[in-house]
Structures are given as C-alpha cells and as structure tokens.
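Inside the fold
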Amino acid sequence: MTTRSIVASGAAIAALVMSLPLGAQQRAIQPSKFTRAPMTQALPAGEVEVLPVRGNVYALFGAGANIVVSVGNDGVLLVDAGRAEMSDKVLAAVQRLQREWAVRNEPPSIGFGAETRSSVAGRHITAPPKPIRYVINTSADSDHVGGNEKLRNAGHTFTGGNVTGNIADATEGAAILAHENVLTRLSRGTNVAQAEGQTPVPADALPTDAYFVDFYKLSHYFNGEGIQLFHTPKAHTDGDSIVHFRGSDVIALGDLMSTGSYPVIDVAKGGTINGVLDGLNRVLDMSIAEFRLEGGTLMVPGHGRLVDSADVAYYRDMLTIIRDRVEDLIKKGRTLEQVKAANPSGDYDTEYGSTTGPWTTANFIEAVYKTLNAVRLKPDTTGGKPAPPARRR
Ligand SMILES: [Zn+2]
C-alpha cells in the first residue's frame, strides 16, 4: 500500500469516526497498526548506509548502533563502533568518505595562460587518507563497542614529542574515549561479564581514555570544531555519553533515544526512566531550532533515523506522560502486574511498542515501574528536608 492510499484511507476513517455516536467514537479511535505509515525505508540487510548530516559530520546506519563520523584534515573521529562482524564494512565506508572528502577538498590547480604542463596526473595524486584518531563509545553495549578493536587498530594516536617512546603503544591505534563506567564494565573478568550479560572484549577494544566527571572535551579543535562528551547519568545505563559537535551543531545521542522503540532502560546496569528524561531535557537545552522547532541542531539517535529538536521534544513528552501514569499507579499501590494490565503506554504502542524481540513494551513498563519504585522505597537520606521538585516543562 502506498503512503498516498494510507493517507486517503486515514481521512476516510476520520470522517467515518466523526459520524459515529460518542461511545462508538471512543472505541473507534483505539490505535491500530493500519493508521501508521512507515517512517523510514528499511536498509538492505548487512549493508552500511552513509548519510551526510552537516559539514564534516556523517552518520552510518546498518552496522548495529548508528555511527557518527567526523572526516577532515585532522583525520577521522567515530562515535560508536557498531557490531564486531560489521567492522570491515564500516572501515570501507569510512575510507570511501575520506577519499570523497579528499577529492572535494583538493587544492585548486594553478592555471597559466601559456600552460604547457599537463595537470591531469597531478589531480590524481592525493595525499593518503588521514587515520582514524578517536573512537568514542556512548555505552558498553556490544552493538556500540563491537567494532572497537578493528577500528582502533586501523587508526593512529598522535602524542607530543616528550611522550612518544615513553608509552609503548602511544602510536599504535586510535584512542578510545568513554565514561569510566564503560571501561569498568568492559574490563571485568569473563565470568563477571557474562553474569552481567556483557560480552567480554579483547584488551585492544578497551577505552584508552576514560572520564569520570560531568563532561570531557577534546583539548583542541578536531576537523575545525570543538567536540564535547557529556555524561547522562542513570539513563540507558550508568555510563552513557552524548557527543556534541559544536561547529556542525550535531549531537550523537547514543541510546538515550531510539526512533522506533521505547528507550532501552538497562536497570541492571544503572539505567532509570528519570535519568533518560533528564538526558533528553539536557539535549533540548543544548539544541536550537532553525524555525518553529524544526531543523537547527541535528541529532543522531543510537538507533533509528536522524532527528531534530521537535522529534526529541515529542519523544520526551511521550516518556513523561507514560512515566507520570506509572507513577500515579504506583502511588495507588498497584503491583507490577496490575500496572502492566492498566496498559499505561497503550496510545503510543503502535509507534514504539513491541511484543517480540529483545525490548518489548512489557520490558519497558517493568523498567519504568522498577526504577520509579526504587526511588519511592529508597530510605530518606535528606534529614527531613523536602526533596527538590522534579524538573518539568
Ligand atoms: Zn544501542
């Protein structure tokens, strides 16, 4: 069915609904799979698609988690590395981007009025592509860090003259940056890692630089802009980062958002619904729309399509509504099973819900319930002072 015919039948349904008595109208406006047009076209399986985002920044889709790439004079920086088995295709896509960038930014050939030399040969001699210098991991999930080892080993770290030679591997491979909870999680022994549902990674895949404060920034411009990492505490997990390309005004969101599903809140790894909402509010604080909430700052979520601040605000509102409904049910003393039965996400399930796969609607509601209940049951450590009101807009 084409989009046009879906729209036409949507209008016909709306007309039909309006002609029904009120009780029947309420039954008729139950969400249905029929009313949803596809948001994005599915990628060919096993292929990596490249999308220019803005300036030097590109997004790669189809390698596991979405990858954000900065390509330019200083080399390559990647946010997330995709799944291990997709590394060769990611590398091929990065190299293609580098070649295309080099051709586009070739110095103009000098022309003389009485030119006798051919400039054709010169035009085909381009400098070798600059190496991958940084890989940033937004979380420790295997579809985000799986490619670390191969991408790192394809790259190169530059260090100052007084350091080179002192650190044995200073010039071997790219630097991998992440929040320290990602490093801790990835460097645990095999048994602990498996008990936590974490795939153990080889030493070369571990972050080389970890930060433990609120944010981290590259000390110099990279490809003409500042790049900052911000920790979003207790969101998808306890070690998530978002990455802001300040000049291009692009933000890599990691698993704070996924356009086709409810956010994955990994409770066992410290994720909470309120942390996800805080993270999304922070992203909205950082972003500036071009016109009436559309365009402007562009965001690449961990999974799904490219978004702008309107999309993020809609997603934040949707999660806030569901959070408030679950909170209300908890206050009324409902059990998890009763909360699930009350279907607090019902009107959004058509767009974000799932009954199958690794992250179902039931999984999401359970994570919301557990993390809200944990807050409610936490012993009072404020010494009787009232807690600050929750941040709302
Ligand atoms: Zn992910």
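Values in this document were obtained by computation on a predicted structure and should not be read as measured data.

1. So, the sheet that holds strand 1 (residues 49–54)
If you trace the seven strands from one edge of the open sheet to the other, you get 1-2-3-4-5-6-7, paired in mixed fashion. Every other strand in the sheet has two partners, leaving strand 1 and strand 7 (209–211) as the edge strands with one partner each. For this sheet, the mean inter-axis angle between neighbouring strands, taken without regard to orientation, is 20 degrees. Each of strand 1, strand 2 (57–61), strand 3 (67–72), strand 4 (75–79) and strand 5 (132–136) touches helix 3 (residues 87–104); the most contacted strand, strand 3, lies at about 30 degrees to it.

2. Re helix 9 (residues 273–286)
Helix length check: helix 9, at 14 residues, gives a terminal C-alpha distance of 20 Å against a target of 20 Å (1.5 Å per residue), a fit within 8%. When helix 9 is considered as a whole, its buried residues turn out to be I273, G275, V276, L277, G279, L280, N281, V283, L284 and M286.

3. Here's the deal with the coordination of the zinc ion
Around the zinc ion, the protein supplies H144 (NE2), D255 (OD), D255 (OD) and H303 (NE2) as donor atoms, at distances of 2.1 to 2.7 Å. Coordination geometry of the zinc ion: the four donor atoms subtend angles of 53 to 124 degrees at the metal centre, consistent with an arrangement described as irregular. Here the donor residues of the zinc ion share one chain and are spaced in sequence as H-x110-D-x47-H. Of this pair, H144 sits in helix 5 (residues 142–145) while H303 sits in strand 12 (residues 298–303), placing them 159 residues apart in sequence. What makes H303 partly exposed here is its relative accessible area of 23%.

4. Re helix 3
In a regular helix each residue adds 1.5 Å, so 18 residues correspond to 26 Å; helix 3 covers 26 Å between its end C-alpha atoms and thus fits that length. Turning to helix 3, its buried residues are S87, V90, L91, A93, V94, L97, Q98 and W101. Down the axis of helix 3, the smallest arc covering the buried residues is 160 degrees, so these residues share one side. In this structure, helix 3 carries R99 and V103 as exposed residues pointing more than 90 degrees from its buried face. Where helix 3 is buried, its residues touch strand 1, strand 2, strand 3, strand 4, strand 5 and helix 6 (148–153).

5. Comments concerning the environment of I322
Topologically, I322 is positioned in helix 10 (residues 309–331). In this structure, the C-alpha to C-alpha distance between I322 and P344, residues 22 residues apart in sequence, is 6.0 Å. Once you skip the residues sitting within four places of it in the chain, I322 turns out to touch Y262, P344, S345, Y348, F364 and I365.

6. Brief notes about the pairing of strand 12
The element strand 12 is largely enclosed, with a buried count of five among its six residues. With respect to chirality, the unit in which strand 11 (residues 250–258) leads through helix 9 into the neighbouring parallel strand 12 is right-handed.

7. Description of the pattern of salt bridges
Taken as a whole, this structure holds 14 salt bridges when the rule is applied. A salt bridge links K150 to D88; its shortest N-O distance comes to 3.2 Å. One end of the pair, K150, is in helix 6; the other, D88, is in helix 3, with 62 residues separating them in the sequence. Of the residues examined, K150 reaches a relative accessible area of 42% and is grouped as partly exposed. Across the pair R325 and D347 runs a salt bridge whose closest N-O atoms are separated by 3.0 Å.

8. A closer look at the nonpolar core
Membership of the largest hydrophobic core comes to 38 residues, with the highest contact counts inside it found for V312, L319 and F364. Contributing elements (two or more residues each) for this core: strand 11, helix 9, helix 10, helix 11 (336–341) and helix 13 (361–377). With nine residues, the single largest contributor to this core is helix 10. Each residue touching F364, except ones within four places of it in the same chain, is listed here: Y262, P263, I265, L319, I322 and W359.

Conventions we followed
- Residues numbered from 1 in each chain as written.
- Predicted model: local features only at pLDDT ≥ 70, side-chain atom pairs only at ≥ 80, totals over all residues.
- Heavy atoms only, no water.
- Pairing = 2+ DSSP bridges.
- Helix = DSSP H or I, 4+ residues; strand = E, 2+ residues; numbered from the N terminus.
- Axes fitted to C-alpha atoms, helices over the stretch in contact; angles between N-to-C directions.
- Contact = heavy atoms within 4.5 Å.
- Expected span 1.5 Å × (residues − 1).
- Buried < 20%, exposed > 50% of the residue type's maximum accessible area, 1.4 Å probe, protein only.
- Donors = N, O, S within 2.8 Å, 3.2 Å for Na, K, Ca; no water.
- Tetrahedral: all angles 85-135°; square planar, octahedral: opposite > 155°, others 65-115°.
- Arc of directions from axis to C-beta.
- Right-handed = clockwise from strand over helix to strand, strands pointing away.
- Salt bridge = Lys/Arg side-chain N within 4 Å of Asp/Glu carboxyl O.
- Core = buried A, V, L, I, M, F, W, Y, C linked by side-chain atoms within 4.5 Å.

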